[in-house]
Amino acid sequence: MNDSNGGMIKNSLEALHLKSNDKLLELGHGNGKHINLILEKGDNISYYGLDISPLMSEEARRHCQENGFSTQTEFSTYDGLKMPYPDQSFDKILTVNTLYFWDQPEEMFKEIRRVLKPNGIATITFVDEETMKQQAFTEFGFTKYNKEKFELLCKSNQFEIVELTPITEQIKSHLFQDISRRYWIASVNPKGES
Ligand SMILES: C[S@@+](CC[C@H](N)C(=O)[O-])C[C@H]1O[C@@H](n2cnc3c(N)ncnc32)[C@H](O)[C@@H]1O
C-alpha cells in the first residue's frame, strides 16, 4: 500500500461493514500490505484480490504467504474487463484508487453487477478531481471524478448510491509538499437489489 493511502483504505473498510464469513473481492489491491486489516474484520473472511498488474498480484500473494494469510486469500489478474469469477460470487467488493483507470466503466459496472451476490455492496473510493488537478502526475492517464460526475456515472449504469461520504485529510504529496486531499467513499449497489 502506498503509505499515504492508508487512511483512505481504513475508512473504506469502515464503510464496507465487513463481517465474519464474508467473501470479499478487492479490485486493484496494489502491494497488499493492508490485507491483514481486512482479515481482522471478522472470522473466516475470504479475500479475493484482482489486479491488472501481474507484478502487484505477485507482490501481494508473496506478502500474504510470508504473513500466514495464504489459506484465506487468492489472487488473480485480468484484462481490466472480464472478471474471472462465476456470477453472484461475492458479498462485497472494494476498490480504492482505481476508478481513474477504468477504460470502460460501463463494462466494469456490468461485471460488478454480475459477480456480486443479490444485495451485495461495492465500495468505490476515489480522490476528488479538484485535488487531483493539484497533482501534476495525474495530468495524463487519469479520468478524474467529482461528486456530480460520479453520481452521473452510477445513474447511467443503473447503480444506486447507498452512501457517499466526503473526507478531507492532510497528506504529503509525492513531491513531499503538504496538501489537503479530498476523497469520496461511495457504497453502491445494483438498482433493484436493496
Ligand atoms: C493507484 S494503485 C492503488 C493501490 C491501492 N488500492 C491503494 O489505494 O493504495 C492502482 C492499482 O489498481 C490496479 N488497477 C488499475 N486499473 C485496474 C482495473 N481496471 N481493475 C483492477 N485493478 C486495476 C493497478 O495495477 C494498481 O495495483
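Below: a short report on this structure. All values derive from a computational prediction rather than experimental measurement.

1. As for the overall build of the protein
Helices and strands together make up the secondary structure of the protein, namely 6 helices and 7 strands. Going residue by residue from the N terminus, the α and β elements of the protein occur as α-β-α-β-α-β-β-α-β-α-α-β-β. What you see for the protein is a C-alpha radius of gyration of 16 Å, in line with the 16 Å of a compact globule of 194 residues. Expressed as lengths along the three principal axes of its C-alpha atoms, the size of the protein is roughly 40 × 40 × 30 Å. Out of the 194 residues belonging to the protein, those deemed buried represent 34%. Partitioning the contacts of the protein with sequence separation of at least 6, the portion at a separation of at least 24 is 70%.

2. Thoughts on the nonpolar core
Counting 43 residues, the largest nonpolar core has L24, L25, I38, I93, I112 and A122 as the members making the most contacts within it. Not counting residues up to four positions away in its chain, the partners in contact with I112 are I93 and A122.

3. Observations regarding unusual backbone geometry
Trans peptide bonds make up the majority, and among non-glycine residues the majority have a negative phi. Phi is positive for N97, which is not a glycine, with a value near 65°. Checked against the element boundaries, N97 lands in the loop between β4 (90-96) and α4 (105-115).

4. A closer look at the sheet that holds strand β7 (residues 178-190)
Spatially, β3-β2-β1-β4-β5-β7-β6 is the arrangement adopted by the 7 strands of the open sheet, whose pairing is mixed. Looking at the sheet topology across the chains shown, the edges are occupied by β3 (73-77) and β6 (159-172). For this sheet, the mean inter-axis angle between neighbouring strands, taken without regard to orientation, is 15°. In this structure, β6 lies alongside β7, joined through 13 bridges in antiparallel fashion.

5. Concerning the environment of S187
Within the fold, S187 resides in strand β7. Judged by C-beta crowding, with 20 C-beta atoms within 10 Å, S187 ranks as buried. Sequence separation between S187 and E163 is 24 residues, and the spatial gap between their C-alpha atoms is 5.1 Å. The residues touching S187, leaving out its near neighbours within four places in the chain, are A15, I121, T123, V162 and E163.

What counts, and at which threshold
- Residues numbered from 1 in each chain as written.
- Predicted model: local features only at pLDDT ≥ 70, side-chain atom pairs only at ≥ 80, totals over all residues.
- Helix = DSSP H or I, 4+ residues; strand = E, 2+ residues; numbered from the N terminus.
- Rg over C-alpha atoms; globule rule 2.2 N^0.38 Å.
- Buried ≥ 20, exposed ≤ 12 C-beta atoms within 10 Å, placed from the backbone.
- Contact = placed C-beta atoms within 7 Å.
- Core = buried A, V, L, I, M, F, W, Y, C linked by C-beta atoms within 7 Å.
- Pairing = 2+ DSSP bridges.
- Axes fitted to C-alpha atoms, helices over the stretch in contact; angles between N-to-C directions.

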